[in-house]
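Fold and geometry: a report
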Amino acid sequence: MEKNHINHLLELEAESIYVIREVASQFEHPTMLFSGGKDSIVMFHLARKAFWPAKVPFPLLHIDTGHNFKETIEFRDNLVKKTEAKLIVGYVQDAIDSGKSIEEKGVNASRNILQTTTLLDSIEKNKFDAAMGGARRDEEKARAKERFFSHRDEFGQWDPKNQRPELWNIFNGKKNMGEHFRVFPISNWTEMDIWQYILMENIEIPKLYFTHKREVFNRDGIWLANAPFMQLKKDEQIEVRDVRCRTIGDITCTGVTLSKANTLEDIIQEVAATRTTERGGRADDKRSEAAMEDRKKEGYF
């Protein structure tokens, strides 16, 4: 890796560590959202660096839809055990069972949007006043509007037209009772930055990111993984293909990529050459033109 690339990554690392330490300094009960995807893995790696040799002083929070890739859950549990981190899991199934959330029906049903209720319940139950997330501004236009410190009102809602200025890396975490903040330490990173940093730091990631054989089917131009809870349309056929995940989320809406990338170097070359955005295979983003922004206003990640 060229020296200027390394210096660029070190600058991003320093900025993110500064933000994470600011959260620990300004808030009484912060948490770090953890999905088992590459961005949350990098964010947790940065948190470990921020407080080394001490342990990370806040818990990880995973919102489990119950429709995750099994490899993601296995990786999460192994990482938590290895690092002795504290993990809190909020289950979407609990919200469905209690009647707080209503499960979607039909072939396009997904639990992805149901995560909002479980997330807000978990924040309230554990009295978290700040929740760090691995969202990046280059991912999606609604996420590009976020500040590092993103205020949420007492209902967990976000107002993109009423955000606090952030000048000279001065972050304002003042809030009223019942309010909280979402904080995005890796806001200024790109997908390429993430992959190059993973390579530079030799960070372990789930095998899902590398090419493997999997049962998949094509829906509206997106390859989706087969699973017991997936419903196929009459014209859809299961195929076994060489695929990898470019982003990891709920199986019902996470598109996989046809790929031969078996190493980090291969992935970096593939990302550099592609003309498809990282979330181009996320079916949940295609529900409407403003799907992500609408969800974020209601309290989504």
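Residues numbered from 1 in each chain as written. Predicted model: local features only at pLDDT ≥ 70, side-chain atom pairs only at ≥ 80, totals over all residues. Heavy atoms only, no water.

Examining the sheet that holds strand β9 (residues 239-245)
Cut-off, in case you're wondering: Should DSSP find at least two bridges between two strands, the strands are taken to pair. By definition, any uninterrupted DSSP run of H or I lasting at least four residues is a helix, any uninterrupted run of E lasting at least two residues is a strand, and each is numbered from the N terminus. Axis definition: a line fitted to C-alpha atoms, over the contacting stretch in the case of helices. Angles run 0 to 180 degrees between N-to-C directions.
Reading around the barrel, the four strands line up as β7-β8-β10-β9 and close back on themselves, with antiparallel pairing between neighbours. When the angles between neighbouring strand axes are averaged without regard to direction, this sheet yields 70 degrees. Taken together, the three bridges between β9 and strand β10 (residues 255-258) define a ladder with antiparallel strand orientation. Each bridged residue has a counterpart across the sheet, and for V243 the counterpart in β10 is L258.

As for helix α3 (residues 70-83)
Note on helix geometry: an α-helix contains 3.6 residues per turn, so any two residues three or four positions apart are oriented the same way. For clarity, the cut-off: An expected span of 1.5 Å times one less than the residue number is assigned to each helix. The rule is simple: take the accessible area with a 1.4 Å probe, protein chains only, and divide by the maximum for that residue type; under 20% is buried, over 50% is exposed, in between is partly exposed. By definition, the arc is the one covered by directions from the helix axis to the C-beta atoms.
Taking 1.5 Å per residue, 14 residues should reach 20 Å; α3 reaches 20 Å between its end C-alpha atoms and fits that length. Taken as a whole, α3 has its buried residues at T72, I73, F75, R76, L79, V80 and T83. Axial view of α3: buried residues confined to an arc of 160 degrees, hence all on one face. Opposite its buried face, α3 presents the exposed residues K70, N78, K81 and K82, each directed more than 90 degrees away.

Looking at the pairing of β10
In this sheet, β10 lies alongside strand β8 (residues 222-225) in antiparallel orientation, the contact comprising two bridges. The residue of β10 that forms the bridge with L224 is G255.

Section: the pattern of salt bridges
Just so we agree on the cut-off: We define a salt bridge as a side-chain nitrogen of Lys or Arg found within 4 Å of a carboxyl oxygen belonging to Asp or Glu.
All told, the structure shown has 17 salt bridges when counted by the stated rule. K55 serves as the salt-bridge partner of E84, at 2.7 Å between the closest nitrogen and oxygen. Taken together, the positions of E84 in the loop between α3 and β3 (87-91) and K55 in the loop between α2 (38-51) and β2 (60-64) put the pair 29 residues apart, joining distant regions of the chain. Take E84: its relative accessible area is 52%, and that puts it in the exposed class. A residue is classified by how much of its surface remains accessible, and K55, at 53% relative accessible area, is exposed. For K213, the salt bridge goes to D242, with nearest N and O atoms at 3.0 Å. On the criterion of sequence distance, the pair formed by K213 in strand β7 (residues 212-219) and D242 in strand β9 is long-range, its members being 29 residues apart. Within the structure, one salt-bridge network assembled from shared partners comprises K38, D39, R136 and D138.

Looking at the environment of T254
The condition is simple: Identification of polar contacts relies on pairs of N or O atoms within 3.5 Å, with a donor-acceptor requirement for protein atoms, meaning one able to donate a hydrogen and the other able to accept it, and with residues adjacent in sequence counted only if both atoms are side-chain atoms.
With respect to the helices and strands, the residue T254 is situated in the loop between β9 and β10. Using a relative accessible area of 0% as the deciding quantity, one classes T254 as buried. Note: C-alpha distance between T254 and F69 (185 residues apart in sequence) is 10.0 Å. Polar contacts involving the side chain of T254 include one to the main-chain carbonyl oxygen of D250, which spans 2.7 Å.

Points about the packing of aromatic side chains
Selection rule: Only rings of Phe, Tyr and Trp enter the pairing, Trp through its six-membered ring, and a pair is recorded when the two centres are within 6.5 Å. The plane angle decides the type: under 30 degrees is stacked, over 60 is edge-to-face, the rest tilted.
Within this structure, the stated rule accounts for seven aromatic pairs. Centroid distance F27 to F181: 5.6 Å. Interplanar angle 50 degrees. Geometry classified as tilted. Of this pair, F27 sits in the loop between α1 (3-26) and β1 (30-33) while F181 is found in strand β6 (residues 180-183), placing the two residues 154 residues apart along the sequence. Side by side, F27 and F181 carry an identical accessibility label, which is buried. Relative to Y197, the ring of W189 has its centre 5.1 Å away and its plane inclined at 90 degrees; by these criteria the two rings are edge-to-face. Looking at Y197, the relative accessible area reads 0%, which means it is buried.

With respect to the environment of F181
Owing to a relative accessible area of 0%, F181 belongs among the buried residues under this scheme. Placed 50 residues apart in sequence, F181 and A131 show a C-alpha to C-alpha distance of 6.3 Å.

Points about the sheet that holds β6
Using the following cut-off: Contact criterion: two residues are considered in contact whenever any of their non-hydrogen atoms come within 4.5 Å of each other.
Taken together, the six strands give an open sheet; going across it, the order is β3-β2-β1-β4-β6-β5, and neighbouring strands pair in mixed fashion. Looking along the sheet, the strands with just one partner apiece sit at the ends: β3 and β5 (149-152). Strand-to-strand twist across the sheet, computed as the mean angle between neighbouring axes with direction ignored, equals 30 degrees. In the packing of α3 onto the sheet, the strands contacted are β2 and β3, and the crossing angle to β2 comes to about 160 degrees. Its contacts with the sheet place helix α5 (residues 115-125) against β1, β2, β3, β4 (130-132) and β6, and it is angled at close to 145 degrees to β2.

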